[in-house]
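Chain by chain, the residues run as shown.
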Amino acid sequence: MSGKHIILFGPPGAGKGTQAVKLVDLLQVPHISTGDMFRENIKNQTDLGKLAQSYTSNGKLVPDEVTIAMVRDRLSRDDVKKGFLLDGFPRSVPQAEELEKILGELGLQIDHVVNISVRDEDIRTRLAKRAEIEGRVDDADPAVIQNRLDVYKSQSEPCLGYFRPKGVVRDIDGIGTIDEVFDRIQKVL
Ligand code: AMP
């Protein structure tokens, strides 16, 4: 294991959240999920939550400056020194660039970008299932799902082009059981 500063990357419905829970348990590092942070703020109807909701409910990205400020604040805590699992961040090239700056200031760097890939048809099936099980509103509406896939392709996927030249991207096939995918991830870390 060469370092524990890890980004979990992949389209919506790739299984990032499920794998994240298992990974943080294994690695004993903080789980930093921007989606969870937004959902928590929405539940409590904070100012940040109200703002975020107008984007998340349509499957759009919350503006970079808001998201980056929230992550910057979280990364200022001492517990990130030993490692972290970033789940759902960065999701745009400006976020990736800003992350690099923040980590530079902290004397840290990304060790692995675990890129879980799943085909679009499989994503649709998975999101429909998750909508039933978890009742996530942004999983239930086909138009919102399509929006999230489009946003992933146009804004998030280019992050891989940012990280690849650094030699930190680990490509993982996201098809299979939870344990099969988890085994593949463990092998590349
Ligand atoms: P997730 O649970 O990661 O799928 O995130 C749920 C929703 O939160 C996304 O569809 C976005 O609206 C918002 N969100 C989460 N992470 C980010 C991010 N890094 N940048 C912008 N919006 C985000």
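Residues numbered from 1 in each chain as written. Predicted model: local features only at pLDDT ≥ 70, side-chain atom pairs only at ≥ 80, totals over all residues. Heavy atoms only, no water.

(A) The arrangement of the packing of helix α1 (residues 16-27) against helix α10 (residues 178-188) in detail. Two numbers describe how α1 lies on α10: the axes approach to 10 Å, and their chain directions differ by 50 degrees. Judged by the inter-axis angle, α1 sits oblique to α10. α10 is crossed by α1, and the crossing has right-handed handedness. Residue-level contacts link T18, Q19, K22, L23 and L26 of α1 to I178, D179, V181, F182, I185 and Q186 of α10. Of the residues belonging to the contact of α1 with α10, the class tally is six nonpolar, three polar and two charged. (Axes fitted to C-alpha atoms, helices over the stretch in contact; angles between N-to-C directions. Helix = DSSP H or I, 4+ residues; strand = E, 2+ residues; numbered from the N terminus. Parallel < 35°, antiparallel > 145°, perpendicular 65-115°, else oblique. Left-handed = near helix turned anticlockwise from the far one by under 90°. Contact = heavy atoms within 4.5 Å. Nonpolar A, V, L, I, M, F, W, Y, C, P; charged D, E, K, R; others polar.)

(B) Expanded view of the side chain of D111. The topology assignment puts D111 in the loop between α5 (93-106) and β4 (112-117). One buried charged side chain, D111, makes no salt bridge at all; its nearest oppositely charged neighbour is R170, positioned 7.4 Å away. Those residues in contact with D111 that sit more than four places away from it in its chain are S2, G3, K4, H5, V168 and R170. (Buried < 20%, exposed > 50% of the residue type's maximum accessible area, 1.4 Å probe, protein only. Lys, Arg positive; Asp, Glu negative; His and termini not counted. Salt bridge = Lys/Arg side-chain N within 4 Å of Asp/Glu carboxyl O.)

(C) Molecular detail of the sheet that holds strand β1 (residues 5-9). Pairing in this open sheet of five strands is parallel, and the strands run β2-β3-β1-β4-β5 from one edge to the other. Where the open sheet ends on each side, the last strands, each with one partner, are β2 (31-33) and β5 (169-173). Between one strand axis and the next, the sheet turns through 20 degrees on average, direction left out of account. This element, α10, spans β4 and β5 of the sheet and lies at about 160 degrees to β5. (Pairing = 2+ DSSP bridges.)

(D) Structural context of the site of the ligand. Inspection of the region around the ligand gives 15 residues, with T34, R39, K60, G88 and Q95 positioned closest. Take R39: an N or O atom from its side chain is 2.9 Å from an oxygen atom of the ligand. With respect to the ligand, the backbone of V62 contributes an N or O atom lying 3.0 Å from a nitrogen atom. Protein contacts shield 95% of the accessible area of the ligand, which totals 480 Å² for the unbound molecule. (Near = heavy atom within 4 Å. Polar contact = N/O pair within 3.5 Å; in protein donor to acceptor, adjacent residues only side chain to side chain. Areas by Shrake-Rupley, 256 points an atom, 1.4 Å probe, with all protein chains shown as cover.)

(E) Geometry of the pattern of salt bridges. The tally for this structure, following the rule as stated, stands at 16 salt bridges. K43 is paired through a salt bridge with E40; the nearest N and O atoms lie 3.7 Å apart. Of this pair, K43 and E40 both sit in helix α2 (residues 34-43), three residues apart, which is roughly one turn of the helix. Taken together, the shared-partner salt bridges connect R72, E98, K101 and E105 into one network.

(F) Up close: the environment of Y55. Of note, Y55 is situated in helix α3 (residues 47-56). When the C-alpha atoms of Y55 and K43 are compared, they prove to be 15 Å apart, with 12 residues separating the residues in sequence. Here Y55 is in contact with K60, L61, V62 and P63, once residues within four sequence places are set aside.

(G) Looking closely at the packing of aromatic side chains. According to the stated counting rule, one finds two aromatic pairs in the structure shown. Seen from their ring centres, F9 and Y152 are 5.9 Å apart, and the 45 degrees between their planes marks the pair as tilted. Here the residue F9 occupies a position in strand β1, and Y152 occupies one in helix α8 (residues 142-156), the gap between them amounting to 143 residues. Of the two residues, F9 and Y152, neither departs from the other in class, the shared state being buried. Geometrically, the ring pair formed by Y162 and F163 is edge-to-face, given 5.1 Å between the ring centres and 90 degrees between the ring planes. Cation over ring: K22 sits above F182, and NZ or CZ is 4.8 Å from the ring centre. Just above the ring of Y162 sits the side chain of K166; from NZ or CZ to the centre is 4.8 Å. (Phe/Tyr/Trp six-rings, centres within 6.5 Å; stacked < 30°, edge-to-face > 60°. Lys NZ or Arg CZ within 6 Å of the ring centre and 35° of its normal.)

Coordinates in, geometry out; function isn't part of it.
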